[in-house]
Amino acid sequence: MTPQLTDNYMVTIAERLKSAYARIALAAKKHHRNEGDVCLLAVSKTKPADFILAAYQQGHREFGESYVQEAVDKITQLANYSDIVWHFIGPIQSNKTAAVAEHFDWVQSVDREKIAKRLNRQRPTDKAPLKVLIQVNISLEETKSGCQPAQLDTLAECIHHCPNLELRGLMAIPAKTDDKQQQIQYFEQLRACFDRLKAQYPQIDTVSMGMSGDVEAAIAAGSTMVRIGTDIFGQRS
Ligand SMILES: *Cc1c(COP(=O)(O)O)cnc(C)c1O
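For every chain, the first residue of the written sequence is number 1, and numbering continues from 1 along that sequence. This being a predicted model, a pLDDT of at least 70 is required before a residue's local features are given, and a value of 80 or more before pairs of side-chain atoms are given or counted; all residues contribute to the totals for chains, interfaces and linings. Values reported for side chains reflect all heavy atoms of the structure, with hydrogen atoms and water molecules removed beforehand.

- The protein chain goes by Pyridoxal phosphate homeostasis protein in an unreviewed UniProt entry, where it is assigned to Pseudoalteromonas haloplanktis.
- For the record of the protein chain, the UniProt heading Sequence similarities (unreviewed entry) holds the text "Belongs to the pyridoxal phosphate-binding protein YggS/PROSC family."
- UniProt positions are given in the numbering used here, feature names are shortened, and annotations may be inferred rather than shown by experiment. Within the UniProt record for the protein chain, the comment given under Function (unreviewed entry) is "Pyridoxal 5'-phosphate (PLP)-binding protein, which is involved in PLP homeostasis."

Okay, here's the thing in structure tokens:
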């Protein structure tokens, strides 16, 4: 059921959040991983600030947004909740980098040098460096954003040399498929890219993969952050 803005939405979101944590814990256990090693990012795009607050009141702090203007509106509304950690996970256009650099703690969708350099230049210097994940186009779709695996080293080096950015790892949104083996294969490819990169940058610690439909496959393949929207906040129209 989709939570609507009724008296009940806070209860609904609290219950769904609990289920999401339980699902992660179960998958972690099954694959011999520590539950605490898989972070839950609650993806609140298209949902109102009140929904975010409902999850916040259950102790949740990490939220993901995909549309810059909508996100900035909500970040502004929730400015008093200064321990919320905001992740930008949508495609980034050049003319939106300033707002991303100014308002977010993490950006998971950096896929080219031009964007990295703009974010570095525009990050306010009174803030901690912007934490960056490189988005990798793991299933090599023409239309999807994400850097090609072959360009990963060059982009990582560029980010590594940006003083206002902190490289933390990789993110991917693989092509949708119901084939569990194919899902796992995509996730294992991202994990392999991460392991290669970590040999060079030992400080990186984040593999962001897995959404409402494929949390288990992602955790099996070594995800450290799953991004769940629909299963917590309901269908998006
Ligand atoms: C919307 C979105 C999600 C959440 O997807 P659900 O299927 O609703 O869980 C995760 N990651 C990214 C990058 C998204 O844009």
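1. Side note on the packing of aromatic side chains
- Each aromatic pair joins two rings of Phe, Tyr and Trp (for Trp, the six-membered one) with centres within 6.5 Å, and gets the label stacked for planes under 30 degrees apart, edge-to-face for over 60, and tilted for any other angle. Scanning the model with the defined rule gives 5 aromatic pairs in all.
- Look at Phe 51 and Phe 233: their rings are 6.4 Å apart centre to centre, the planes differ by 20 degrees, and that puts the pair in the stacked class. Of this pair, Phe 51 sits in helix α2 (residues 49–56) while Phe 233 is found in helix α9 (residues 230–233), placing the two residues 182 residues apart along the sequence. Summarising the burial analysis for this pair, Phe 51 and Phe 233 share the class buried.
- Grouping aromatic residues by their ring pairs yields a cluster made of Tyr 9, Phe 51 and Phe 233.
- Over the face of the ring belonging to Tyr 56 we find Arg 61, whose NZ or CZ atom lies 3.6 Å from the ring centre. Working definition: helices are DSSP H or I runs of at least four residues, strands are E runs of at least two. Numbering for both runs from the N terminus. Summary of the burial criterion: residues with accessible area below 20% of their type's maximum are buried, those above 50% are exposed, and those between are partly exposed, where the area comes from a 1.4 Å probe applied to protein chains only. Whether a charge lies above a ring is judged from NZ of Lys or CZ of Arg, which has to be within 6 Å of the ring centre and within 35 degrees of the ring normal.

2. Considering the UniProt feature "modified residue: N6-(pyridoxal phosphate)lysine" (unreviewed entry) in the protein chain
- Under the UniProt annotation, "modified residue: N6-(pyridoxal phosphate)lysine" (unreviewed entry) lies at Lys 45.
- Along the chain, Lys 45 falls in the loop between β1 (39–43) and α2.
- Owing to a relative accessible area of 18%, Lys 45 belongs among the buried residues under this scheme.
- If sequence neighbours within four positions are ignored, Lys 45 has contacts with Gly 64, Glu 65, Ser 66, Tyr 67, Glu 70, Lys 74 and Arg 236. The contact criterion used throughout is that any non-hydrogen atoms of two residues lie within 4.5 Å.

3. Details of the side chain of Thr 224
- Along the polypeptide, Thr 224 turns up in the loop between α8 (215–220) and β8 (225–228).
- Thr 224 sits in the buried class, given a relative accessible area of 15%.
- If near-sequence neighbours (up to four positions away) are discounted, Thr 224 is found in contact with Arg 33, Asp 37, Val 38, Cys 39, Arg 191, Asp 205, Thr 206 and Val 207.

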